[in-house]
Amino acid sequence: MSGGQKAKGKTEQAKGKLKETTGRAVGNERMTAEGRAEQAKGDARQAKEKIKDTLKD
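All of these numbers come straight from a predicted model, not from anything done at the bench.

1. As for the environment of Gln39
At step 1: Checked against the element boundaries, Gln39 lands in helix H2 (residues 29-56).
At step 2: Gln39 sits in the buried class, given a relative accessible area of 18%.
At step 3: For the pair Gln39 and Glu49, spaced 10 residues apart in sequence, the C-alpha to C-alpha distance is 16 Å.

Here it is in structure tokens:
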């Protein structure tokens, strides 16, 4: 797995979780939804990299 892409996926997941938690704390539905979307984007990036690694081997 490309180290850069893996790190980017983890960063997106962490930022998304923070944004979702903050949105819930302040009652901001839009921020909560954006946080969930960022987490999903990070999950998708990691899944893509795992598939690429599997196909390489």
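There is more to say after this.
2. A look at the side chain of Thr32
At step 1: Looking at where Thr32 falls in the secondary structure, it is placed in helix H2.
At step 2: Only 3.0 Å separates the side chain of Thr32 from the backbone oxygen of Asn28, close enough to count as a polar contact.
At step 3: Apart from residues lying up to four places away in sequence, Thr32 is in contact with Glu20, Gly23 and Arg24.

3. What about the environment of Gln5?
At step 1: Note on placement: Gln5 falls in helix H1 (residues 3-26).
At step 2: Relative accessible area serves as the criterion here: at 27%, Gln5 is assigned to the partly exposed category.
At step 3: Sequence separation between Gln5 and Glu20 is 15 residues; the distance between their C-alpha atoms is 22 Å.
At step 4: Setting aside residues up to four positions removed in sequence, Gln5 forms contacts with Arg45 and Glu49.

Quick notes on the rules
- Residues numbered from 1 in each chain as written.
- Predicted model: local features only at pLDDT ≥ 70, side-chain atom pairs only at ≥ 80, totals over all residues.
- Heavy atoms only, no water.
- Helix = DSSP H or I, 4+ residues; strand = E, 2+ residues; numbered from the N terminus.
- Buried < 20%, exposed > 50% of the residue type's maximum accessible area, 1.4 Å probe, protein only.
- Polar contact = N/O pair within 3.5 Å; in protein donor to acceptor, adjacent residues only side chain to side chain.
- Contact = heavy atoms within 4.5 Å.

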